[in-house]
Amino acid sequence: MQASELITKGDLNEFKSELLTEIKKLVQLDDQGQSKKWLKSNEVRKLLKISPGTLQNLRINGTLSYTRIGSIMYYKLDDINKLLEGGLQ
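Each chain carries its own residue numbering, running from 1 in the written order of its sequence. With pLDDT at 70 or above as the cut-off, local features in this predicted model cover only qualifying residues; side-chain atom pairs require 80 or more to be listed or tallied, and sums for whole chains, interfaces and linings still use all residues. Side-chain calculation: all heavy atoms of the structure are included, whereas hydrogens and water are not.

As for its placement among the helices and strands, Glu43 is situated in helix α2 (residues 41–48). For Glu43, a relative accessible area of 26% translates into the label partly exposed. Residues Glu43 and Tyr75, 32 residues apart in the sequence, show an inter-C-alpha distance of 9.4 Å. We call two N or O atoms a polar contact when they sit within 3.5 Å, provided that within protein one can donate a hydrogen and the other can accept it, with sequence-adjacent residues counted only if both atoms are side-chain atoms. Here the side chain of Glu43 touches Lys40 through a polar contact of 2.7 Å, landing on its backbone nitrogen. Only DSSP runs of H or I reaching four residues or more are called helices, and only runs of E reaching two or more are called strands; each is numbered from the N terminus. Buried residues are those whose accessible area, probed at 1.4 Å on protein chains only, stays under 20% of the maximum for their type, while exposed residues exceed 50% and partly exposed ones sit between those limits.

A separate point is the pairing of strand β3 (residues 72–76). If DSSP finds at least two bridges between two strands, the strands pair. Two elements, strand β1 (residues 38–40) and β3, share three bridges in a ladder whose sense is antiparallel. In the sheet register, Trp38 faces β3, and the bridge partner there is Lys76. Here strand β2 (residues 67–69) pairs with β3 via three bridges, running antiparallel. Of the residues in β3, the one forming a bridge with Ile69 is Ile72. Adjacent in sequence and paired antiparallel, β2 and β3 are bridged by two residues, among which Gly70 carries a positive phi angle near 65°.

Another point: the confidence of the model for the protein. Per-residue confidence for the protein gives a mean pLDDT of 82, with 79% of residues at or over 70. What pLDDT conveys is the predictor's confidence in a given residue, as a value from 0 to 100. Put simply, helix α1 (residues 9–27) is where the protein has its lowest mean pLDDT, 80, and helix α3 (residues 52–60) is where it has its highest, 95.

Turning our attention to the sheet that holds β2. Strand pairs in the sheet, formed through backbone hydrogen bonds, run parallel or antiparallel to each other. Read from one edge of the open sheet, three strands run β1-β3-β2, paired in antiparallel fashion. Strands with a single pairing partner mark the edges of an open sheet, and in this sheet they are β1 and β2. The average angle at which neighbouring strand axes cross in this sheet is 35°, direction not considered. Where α2 meets the sheet, it contacts β1 and β3, and its direction lies at approximately 95° from that of β1. Each axis is a line fitted through C-alpha atoms, taken for helices only over the stretch in contact, and angles between the N-to-C directions span 0 to 180 degrees. Throughout, a residue-residue contact means that at least one pair of heavy atoms, one from each residue, lies within 4.5 Å.

This part is about unusual backbone geometry. In the Ramachandran plot, Lys49 falls in the positive-phi region, its phi being about 55° despite a non-glycine side chain. Relative to the helices and strands, Lys49 resides in the loop between α2 and α3.

Written as structure tokens, this is what we have:
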């Protein structure tokens, strides 16, 4: 391995910072004020009026899919709407 190919801790920290910035952009509202496409657990619980345990059960039994980024779980708004309409099994 050549010295020019080494990745330093600084390189990794810079990459992490850039990646987190991009992820935050994806999760937040866009500039045109359109609704979010992804919701956090607390937003889902408020929307569905359920407890944290019920949300956990929906995840465990596969009723509601989610994506985990770090320690935060995100849920697609489309999946939640389908669940409310009775379309997800």
